[in-house]
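# Observations on the three-dimensional arrangement
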Amino acid sequence: MKKTKTKKPKKVLPNYELDGEDAEMLAALENGEIEFERIPDYESFMKKSRQMAHEYFKKEARVSFRISKTDLNNVKRMAASEGLPYQTFLTSIIHKLTTGQLSFRPWH
């Protein structure tokens, strides 16, 4: 029996409302009042940027731990609301925590 491939659903980016300086900048761009600066040697810049990103986000270690079903279900729900697989969501949280982009209150 031949298996049929199922298509992955397309990721939909959230629709954000802009306000303040962001809204003003977007309006100025759309009205032609300001323009983006061109990057010299754009292709070389993009190639180097992709390579650096690949090296930075390379996953070289595996982690295994136990978690309660309730916590896992909550994580899966949170990840789904962000449009991410739960493992990617957890990796993102750990990355943000270790780079200072996310903080927590000590529980003592």
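Above this note sits the structure.
One structure accompanies this document, and this report is about it. (Residues numbered from 1 in each chain as written. Predicted model: local features only at pLDDT ≥ 70, side-chain atom pairs only at ≥ 80, totals over all residues. Heavy atoms only, no water.)

## Details of the overall build of the protein chain
Heads up, the rule is: The numbering of helices and of strands both runs from the N terminus, where a helix is a DSSP run of H or I of at least 4 residues and a strand a run of E of at least 2. Relative accessible area decides the class of each residue, using a 1.4 Å probe on protein chains only: under 20% of the type maximum gives buried, over 50% gives exposed, and in between gives partly exposed. The protein chains shown are the only cover counted for residues, whose accessible areas, like all others here, come from Shrake-Rupley with a 1.4 Å probe.
Scanning the protein chain from N- to C-terminus turns up four helices and zero strands. Counting from the amino terminus, the protein chain carries its helices and strands in the arrangement α-α-α-α. Each of the 108 residues in the protein chain was classed as buried or not, and the buried ones make up 4%. Only carbon and sulfur atoms are counted for the fraction: they give 55% of the accessible area of the protein chain, which is about 11,700 Å².

## Some points on helix α4 (residues 86–98)
Keep this limit in mind: To estimate the expected span of a helix, count its residues, drop one, and scale the result by 1.5 Å.
Compared with the 18 Å implied by 1.5 Å per residue over 13 residues, the 18 Å span of α4 between its first and last C-alpha is a close match. Among the residues trailing α4, G100 stands out with phi positive, at a value near 80°.

## What to know about a negative patch on the surface
Going by this rule: The residues that make up patches have over 30% relative accessible area and no salt bridge, and they are joined within 9 Å when like-charged or within 5 Å when they are Val, Leu, Ile, Met, Phe, Trp or Tyr. By definition here, a salt bridge exists when the distance from a side-chain nitrogen of Lys or Arg to a carboxyl oxygen of Asp or Glu is within 4 Å. Charge assignment in this entry is limited to Lys and Arg as positive and Asp and Glu as negative, and neither His nor the chain termini are counted. To locate a charge, the coordinates of NZ of Lys, CZ of Arg, CG of Asp or CD of Glu are taken.
Together, E17, D19, E21, D22 and E24 give the surface a local cluster of negative charge. Here E24 lies in helix α1 (residues 20–30). Of the residues examined, E24 reaches a relative accessible area of 58% and is grouped as exposed.

## Thoughts on the pattern of salt bridges
Pairs can form between side chains of opposite charge once their charged atoms are near each other. Applying the stated criterion across every chain yields a total of one salt bridge. With its nearest N and O atoms 3.3 Å apart, the salt bridge here joins E55 to K58. The exposure class assigned to E55 is partly exposed, which follows from its relative accessible area of 47%. The partly exposed category is assigned to K58, whose relative accessible area is 37%.

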